[in-house]
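Analysis of the macromolecular model
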Amino acid sequence: VQAKLQETRRHYDTHNTLASELGFVTKEYSLLSSIKDQFSTATQSAETRANLVETLHGIFGSVTKLLEKTESKLAESVRLSALSDAQFASASERVREYNTRVRDLQSLSLSLERLYAQAKQHQL
């Protein structure tokens, strides 16, 4: 059941990533189409060229903000990944320590059982 849940989560993560990429590609296509449409009319006069330059500056600002937001999300994901790795390493170490102590306890228990059996034989 746990494996099925993890697989489902991976599929949701993949879907969300692809959906996000589709959004970015769609926006990029729309942006390039808009620039292409405006470029031919923008070269006709100085005023339309100035408007095109102003529009391109606005687009550049929007893209810069989006880039900063995306880099921030990436940095957060990297931080969370490193934190998860550290937690996993710590948990793995605790499991190893637990297993070592269980083996030691089993060995000690076996030794005590042998001693108890020997003491019982000497009493008879």
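Residues numbered from 1 in each chain as written. Predicted model: local features only at pLDDT ≥ 70, side-chain atom pairs only at ≥ 80, totals over all residues. Heavy atoms only, no water.

Examining the overall build of the chain
When its secondary structure is counted, the chain shows 2 helices and 0 strands. Taken along the three principal axes of its C-alpha coordinates, the chain extends 115 × 25 × 10 Å. Every one of the 124 residues in the chain was classed for burial, and the buried ones make up 3%. Surface summary for the chain: the accessible area is close to 11,200 Å², and the carbon and sulfur share equals 61%. Treating the 16 positive side-chain charges of the chain as one cloud and the 15 negative ones as another, the clouds have centres 8 Å apart. (Helix = DSSP H or I, 4+ residues; strand = E, 2+ residues; numbered from the N terminus. Buried < 20%, exposed > 50% of the residue type's maximum accessible area, 1.4 Å probe, protein only. Areas by Shrake-Rupley, 256 points an atom, 1.4 Å probe, with all protein chains shown as cover. Lys, Arg positive; Asp, Glu negative; His and termini not counted. Charge placed at Lys NZ, Arg CZ, Asp CG, Glu CD.)

A word on the environment of Ser20
Take Ser20: it is sitting in helix H1 (residues 2–42). Residues Ser20 and Asn51, spaced 31 residues apart in sequence, show a C-alpha to C-alpha distance of 31 Å.

Remarks on the packing of H1 against helix H2 (residues 46–123)
For any two helices packed against each other, the geometry is given by the interaxial angle and the distance between the axes. Running from N to C, H1 and H2 point in directions that differ by 165°, and their axes come no closer than 10 Å. When the interaxial angle is binned, H1 and H2 end up roughly antiparallel. As for the relative orientation of H1 and H2, their crossing is left-handed in sense. Residues Phe24, Leu31, Ile35, Gln38, Phe39, Thr41 and Ala42 of H1 pack against Thr48, Arg49, Leu52, Thr55, Leu56, Ile59, Val63, Leu66 and Thr70 of H2. Split by residue class, the contact of H1 with H2 holds 10 nonpolar, 5 polar and 1 charged. (Axes fitted to C-alpha atoms, helices over the stretch in contact; angles between N-to-C directions. Parallel < 35°, antiparallel > 145°, perpendicular 65-115°, else oblique. Left-handed = near helix turned anticlockwise from the far one by under 90°. Contact = heavy atoms within 4.5 Å. Nonpolar A, V, L, I, M, F, W, Y, C, P; charged D, E, K, R; others polar.)

Brief notes about a nonpolar patch on the surface
There is a patch of nonpolar side chains on the surface, built from Leu105, Leu108, Leu112 and Leu115 and spanning about 420 Å² of accessible area. Along the polypeptide, Leu105 turns up in helix H2. Looking at Leu105, the relative accessible area reads 57%, which means it is exposed. (Patch = residues over 30% accessible without salt bridge, like charges linked within 9 Å, V, L, I, M, F, W, Y side chains within 5 Å. Salt bridge = Lys/Arg side-chain N within 4 Å of Asp/Glu carboxyl O.)

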